[in-house]
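Each chain is listed here by its residues.
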Amino acid sequence: MQSSHTFTAESAVFDERNLVSSAGLVPVLELAEQAGLSELIDTHVRLDSTRVASGAVNPVGKLTSIIAGMCTGADVIDDMNPLRAGGMPALLDQVYAPSTLGIFLREFTFGHSLQLGSVLRRHLIALAARTPLLPGIAERAFLDIDSLLRPVYGHQKQGASYGHAKIAGRALLRKGLSPLVTTLSTAQAAPVITEIRLRAGKTGSGRGAASQLRSAITTARACGAHGKIMVRGDSAFGNKAVIGAAVAAGIEFSLVMTRNPRITQAIDGIDEHKWMPVHYPGAVIDPETGELISDAEVAETSYTAFSGRHRVTARLIVRRVKDANYPDALFPVWRYHPFFTNSDLSTVEADITHRKHAIVETVFADLIDGPLAHIPSGRFGANSAWVLCAAITHNLLRAAGTLAGGHHAVARGASLRRHLVNVPARFARPARKPVLHLPAHWPRQAHWTSLWDNTIDYTPPQAA
């Protein structure tokens, strides 16, 4: 394909003040306001003590500016600059310079991050009430908890330390910061973030998980999870604190147990005839070899974990797969993967349901492909606020996708930004009425229009 015109060096001029690079921000931010984002920030975020006199002024405008920038794909402070280009300042209210936003973020402390975490939870509850964000939540909901290690570089990152990471099936030490994330999903809905907390890189994966789970359960119920709730996690979370929190809250748990002599004895005691085949709907990655597997065998037995007042008796379900390291063995050589659950699902269904814990990885992929591509600041408090803004943005885009309809209800964050947010337009005001002139024959016109109509023409229900 070639250009249809002959251009010269003078043919490109940056002088158009009415062009808008991200017209989709209008309905997306309108949706955020309909869920009360500005009001929540104004109510819960208080930055009283500041190092810079004007640093904490107007947290509402500054935090919404950061979230708007993240909706367009910003992953560092300087990426907020496109919000100030062309017709964007006329389209949006209270657009701040990146330097101002950086000063503001550096005012955050651990306590301020807790305040912003409260905004995250309440805004998610409001989004769930405003949009069909979590279909099927009244019957069964899933809370998936996991951590990731985001690499950082240099010597001035507060909290950065060497933690364990697994890349391509290999365990290694990596310098970084470690967010702990809890997601909420249903059988029909893509996951949203209920809790996220930034920690030092060397922090154990399960540290703080029990308290985060208790908060996530409260949020899930406020979102409409009146039926069964199941928490799923890997071996870092199969401990007495997390299981105790689940039991105390009256929810189901499905958590991997670390192998120990007692579990090995329980596995050895399973009769051979009790093993039954299971075929996964899609191939899954073996966590030890990195290979794809689609078939395995499962069985279960009763198991009592922990002791004293922490004692819990439930089902130990074991999945076994043939060890690929011994393909020519006279007898099959098995590798065993146990998990502990109190669900009432059949053995095969419980195993398939537990394996779907991997859905949390799609949230990690969205964050890494978006706001968490970098951890931008040298201050830990600023990075904590950045991570929480990324979570609010994730939920907001997910809700916008449900209003756009079609595959956007479960689309990846990059697709939502490309199809719905980063749509160019020309901003005009004929007879003082604002109009956005968008590209003719835009391939996602129907879905973008659906999002526009469902937000701009939305009428709040009248109070009884």
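Caption draft 1: Structural context of the overall build of the protein. Looking only at helices and strands, one finds 14 helices and 14 strands in the protein. The C-alpha radius of gyration computed for the protein amounts to 25 Å, which stays within 12% of the reference 23 Å derived for 464 residues, consistent with globular compactness. Taken along the three principal axes of its C-alpha coordinates, the protein extends 80 × 55 × 55 Å. In the protein, buried positions account for 50% of the 464 residues. A separation of at least 24 residues holds for 68% of the contacts in the protein among residues at least 6 apart in sequence. Accessible surface computed for the protein: about 22300 Å², of which carbon and sulfur atoms make up 53%. The distance from the centre of the 47 positive side-chain charges to the centre of the 38 negative ones in the protein is 6 Å.

Caption draft 2: Up close: the sheet that holds strand E13 (residues 425–428). With antiparallel pairing, three strands are arranged side by side in an open sheet as E1-E13-E14. Each edge of the open sheet is held by one strand with a lone partner, namely strand E1 (19–20) and strand E14 (435–437). Bridge analysis of E1 against E13 gives two bridges, and the strand direction is antiparallel. Bridge pairing in E13 links Leu19 to Arg426.

Caption draft 3: Just the packing of aromatic side chains, in detail. In the structure shown here, the tally under the stated rule is five aromatic pairs. Between Trp275 and Tyr336, the aromatic rings sit 5.9 Å apart at their centres with planes inclined by 50°, giving tilted as the arrangement. Placement of the pair is Trp275 in the loop between helix H9 (261–268) and strand E9 (276–285) and Tyr336 in strand E12 (residues 334–341), with a sequence separation of 61 residues. Classification of Trp275 by relative accessible area gives buried; the value is 10%.

What counts and how
- Residues numbered from 1 in each chain as written.
- Predicted model: local features only at pLDDT ≥ 70, side-chain atom pairs only at ≥ 80, totals over all residues.
- Heavy atoms only, no water.
- Helix = DSSP H or I, 4+ residues; strand = E, 2+ residues; numbered from the N terminus.
- Rg over C-alpha atoms; globule rule 2.2 N^0.38 Å.
- Buried < 20%, exposed > 50% of the residue type's maximum accessible area, 1.4 Å probe, protein only.
- Contact = heavy atoms within 4.5 Å.
- Areas by Shrake-Rupley, 256 points an atom, 1.4 Å probe, with all protein chains shown as cover.
- Lys, Arg positive; Asp, Glu negative; His and termini not counted.
- Charge placed at Lys NZ, Arg CZ, Asp CG, Glu CD.
- Pairing = 2+ DSSP bridges.
- Phe/Tyr/Trp six-rings, centres within 6.5 Å; stacked < 30°, edge-to-face > 60°.

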